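A structural walkthrough
The lines below spell out each chain.
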Amino acid sequence: VADPAGLIGIAVVALVVGFLVWRWVSQGERARLFPVWVGGLTTGIVAAAISAPIAAGVFGGVTGSGTDALVALFRTLGLNVFQSTFAQGLTSDPLDKTISYTIVFVILAALPLTVRTMFSRGEATIAD
């Protein structure tokens, strides 16, 4: 941001959003989802960084998945193949991984206690 007032505005918005997220996740059961979401976002960013050169170099950016529409959109915006596949990965992978991690968390939390305690560290999942 070239304008100092714009930078201050962005910083204020970031602080407010950060505070609201902290308040939301620090209450009750929602606090248990925060590490799941951080893991999903982190995995998604790493997946985008690893998959972009492969998709661009081996497949020319077209892998036959539904996200090829995003690659095509980024190509029409003037990005090259690598930039388009990387932008597609940063757009879709973090959200995809976060949703997947959340679904797995909900499924595992719904398992009966007898099933959860059969596995290593199972006692940690039933602690209050």
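Residues numbered from 1 in each chain as written. Predicted model: local features only at pLDDT ≥ 70, side-chain atom pairs only at ≥ 80, totals over all residues. Heavy atoms only, no water.

**Here we look at the side chain of Asp93**
Looking at the secondary structure, you find Asp93 in helix 4 (residues 81-110). Despite being buried, Asp93 has no salt bridge partner; Lys97 is the closest side chain of opposite charge, sitting 4.4 Å away. Not counting chain neighbours up to four residues away, the residues in contact with Asp93 comprise Gly44, Ala47, Ala48, Ser51 and Gln88. (Helix = DSSP H or I, 4+ residues; strand = E, 2+ residues; numbered from the N terminus. Buried < 20%, exposed > 50% of the residue type's maximum accessible area, 1.4 Å probe, protein only. Lys, Arg positive; Asp, Glu negative; His and termini not counted. Salt bridge = Lys/Arg side-chain N within 4 Å of Asp/Glu carboxyl O. Contact = heavy atoms within 4.5 Å.)

**Focus: the packing of aromatic side chains**
Each aromatic ring pair is described using two quantities: the centre-to-centre distance and the angle formed by the ring planes. Applying the stated criterion across every chain yields a total of three aromatic pairs. On the numbers, 5.3 Å between centres and 10 degrees between planes, the contact of Trp24 with Trp37 is stacked. Of this pair, Trp24 sits in helix 1 (residues 4-25) while Trp37 sits in helix 2 (residues 30-59), and the two are 13 residues apart along the sequence. On the basis of relative accessibility, which here comes to 36%, the residue Trp24 falls in the partly exposed class. With centroids separated by 6.2 Å and ring planes inclined at 10 degrees, the aromatic side chains of Phe82 and Phe86 adopt a geometry described as stacked. On the criterion of helical spacing, the pair formed by Phe82 and Phe86 is a turn pair, its members being four residues apart in helix 4. The class of Phe82 is partly exposed, set by a relative accessible area of 41%. Take Phe86: its relative accessible area is 29%, and that puts it in the partly exposed class. (Phe/Tyr/Trp six-rings, centres within 6.5 Å; stacked < 30°, edge-to-face > 60°.)

Shape descriptors only; they carry no functional weight alone.
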